[in-house]
Amino acid sequence: MTSPDNLGLTGSSLNCSLKSESFFCNLSGKTLNALDRIKFSSGYPKGAILFAEQEAPRGVFILSKGRVKLSMTSSEGKSAILRIADAGEVLGLHAVVSNQPYQSSAEALEPCDVSFVRQEDFLRFLRENPEASLRAAQQLSQNYHIACEQVRSIGLAHSAVGKLAGFLLLWATKGQPAREGTRVLLTLTHEEIGQMIGLSRETVTRTMGDFRHRQWVSIRGATLVIQNKSALEQFAGM
């Protein structure tokens, strides 16, 4: 798999609509102007590959709109989804800073707006802008924290029920309170959920059906509602 390089220079970080949550959009105007001079922005369709696992680092990808799936593949061809990246994240950061191959493949789950910064330009940008260097360290730390939480709530669970319960609870942290519980958008297929928590699609479907029968969760289209959080927490060991 190869990553597209035909990116056009468009957009401005100064006009970013994610200023409260994105990686770079809270930086000073001077730093944002420096970033705008070195980034190339483009739209990616659903299914597009931003970069591939074990590919030499070419640069970072700043996700300003959409969601991206980060996954790894074993030598036997088995795929595992590490996580889903949201708008505001910088992808490929570890590879570019450490000058190591990308650890995973990044695939657009939906149409995305992405800005690309070449490795040499990005490293110079960090050297010349200390506040950006601090943000880079903060995101690397956040990525480590997310990985630890996934291991604690999913990887250490001993049963399919515990793994799926832990996954749903983690996903629900992105949700909003509702009268019937916590409501969150869940557009992943059962196959993709299984790839994230190490279960087969059939097991995810069967266990999710059991959760719905017990009225722990409800699903309407892409909307998931956590109706009984305490029950899920009990099985997830949280």
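Residues numbered from 1 in each chain as written. Predicted model: local features only at pLDDT ≥ 70, side-chain atom pairs only at ≥ 80, totals over all residues. Heavy atoms only, no water.

**Q** Mind laying out the overall build of the protein chain, listing which residues take part and the relevant values?
**A** Along its length, the protein chain carries 8 helices and 12 strands. Burial statistics for the protein chain: of 238 residues in total, 45% are counted as buried. Across the protein chain, the fraction of contacts at a sequence separation of at least 24, relative to all contacts at a separation of at least 6, is 69%. Accessible surface, the protein chain: about 12,400 Å² in total, of which carbon and sulfur atoms supply 51%. (Helix = DSSP H or I, 4+ residues; strand = E, 2+ residues; numbered from the N terminus. Buried < 20%, exposed > 50% of the residue type's maximum accessible area, 1.4 Å probe, protein only. Contact = heavy atoms within 4.5 Å. Areas by Shrake-Rupley, 256 points an atom, 1.4 Å probe, with all protein chains shown as cover.)

**Q** Can you explain helix H8 (residues 229–236)? Please cite residues and give values.
**A** Among the residues of H8, those classed as buried are Ala231, Leu232 and Ala236. In an axial view of H8, the angular spread of the buried residues amounts to 130 degrees, which keeps them on one side of the axis. Downstream of H8 by a residue or two, Gly237 has a phi angle that is positive, lying close to 70 degrees. (Arc of directions from axis to C-beta.)

**Q** I'd love a proper account of the sheet that holds strand S8 (residues 112–118), names of residues and values included.
**A** Spatial ordering of the open sheet is given by S1-S8-S3-S6, a layout of 4 strands whose pairing is antiparallel. Here the strands that pair on one side only, and so sit at the sheet edges, are strand S1 (39–44) and strand S6 (90–91). Where S1 meets S8, 6 bridges bridge the pair, whose relative direction is antiparallel. Note that in S8 the partner of Ser42 across the bridge is Val114. Relative to the sheet, helix H3 (residues 119–128) contacts strand S3 (59–65) and S8, its axis offset from that of S8 by approximately 80 degrees. (Pairing = 2+ DSSP bridges. Axes fitted to C-alpha atoms, helices over the stretch in contact; angles between N-to-C directions.)

Note that all results are geometric; they support no functional claim without further evidence.
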